Amino acid sequence: MHEPPDNGGSRGALQVVGCAERAVTRWRAPVHHDSIDPAVLDRVSEVFARARSALFITGAGISADSGLPTYRGIGGLYEGATTDEGLAIEDALSGDMLRDRPEVCWKYIHQIEQACRGATWNRGHEVLALLEGRYERTWVLTQNVDGFHRRAGSKNVIEIHGDVHKLACTRCAYRDTAQDFAALSIPPRCPDCGAIVRPEVVLFGEMLPADAVADLERELGRGFDLVVSIGTTSVFPYIAAPVVLARRAGRDTVEVNPGTTGVSHVVAHRIRNRAAVALDAIWRRLEATPGSPQVRP
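Residues numbered from 1 in each chain as written. Predicted model: local features only at pLDDT ≥ 70, side-chain atom pairs only at ≥ 80, totals over all residues. Heavy atoms only, no water.

Colleague: How should the packing of aromatic side chains be read in this particular structure?
Modeller: A ring pair, where both rings are aromatic, is described by two values, the distance of the centres and the angle of the planes. Evaluated as defined, the whole model comprises three aromatic pairs. With a centroid separation of 6.1 Å and an interplanar angle of 35°, the aromatic rings of Phe48 and Phe56 are classed as tilted. Exposure remark for Phe48: the relative accessible area of 0% places this residue in the buried category. Lying across the ring of Phe224, Arg137 places its NZ or CZ 4.1 Å from the centre. (Phe/Tyr/Trp six-rings, centres within 6.5 Å; stacked < 30°, edge-to-face > 60°. Buried < 20%, exposed > 50% of the residue type's maximum accessible area, 1.4 Å probe, protein only. Lys NZ or Arg CZ within 6 Å of the ring centre and 35° of its normal.)

Here's what the structure looks like:
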């Protein structure tokens, strides 16, 4: 589905990805490196090798390698379509809709969760978790709400749009975690007070979570040797800004994306390929480099 027009740096949008009709495991397709220009791979691997701290910014493209389609472009879950009610999906999945017509908002939250069911993390997520053991300081800033980064082993994760599996009552202190929504009534209601329960994600038009924003600002204030944009179109200012700021400061910047994005003209290096393919290739180069630490198997 589309991301909404820019509402400023403090607002975000639900970043849920749908998956293919079949359940998927770690791999959408075999990982082959032949399509990567060896010279580009050499340069990017050198950049990764000399870094001591790194920020990885991920979007729907990294979860596409788990069989989940991205939002924009051909194959997006709601590309070019309106809902059954004649609404734009941004309106159906908005904070206002959850408040005024929760049954409509939850209909599409549930629909997207059903499409995601059975998918899990892939090699791209795994490599980012491995890299956490290589650098002195590593963070992942993700727009995705699928929870794949933490499940793959990453510990320092800023889920700027939340986690769809975490549920919260809109009135009282009730909280819960659901692996999937199969057992939920739609819209679900709080067992304690009867109010509507919602997923702890940022719907269209809502503010970003204050704790995640604080974490991001703190780590950006410390700076990173390397900032890498992976599988995101970078339309939100808080997603593009870390790349722009790093480039202005003379830090290493890399983009991994098959297409052209909002930061393609900014970064110093680009690998125009799938996330799992590129990250696996980089990791193998790092392991093969003399003197490179063998962090994990």
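Colleague: Help me understand helix H5 (residues 102–116), please; the structure alone is not making it clear to me.
Modeller: Taking 1.5 Å per residue, 15 residues should reach 21 Å; H5 reaches 21 Å between its end C-alpha atoms and fits that length. The buried count for H5 comes to 11 of 15 residues, which makes it a mostly enclosed element. Within H5 the residues assigned to the buried category are Pro102, Val104, Cys105, Trp106, Tyr108, Ile109, His110, Ile112, Glu113, Ala115 and Cys116. Looking at the buried positions of H5, the neighbouring elements they touch are helix H3 (89–92), helix H4 (95–100), strand E4 (162–169) and strand E6 (197–201). Backbone geometry just after H5 places Gly118 at a positive phi near 95°. (Helix = DSSP H or I, 4+ residues; strand = E, 2+ residues; numbered from the N terminus. Expected span 1.5 Å × (residues − 1). Contact = heavy atoms within 4.5 Å.)

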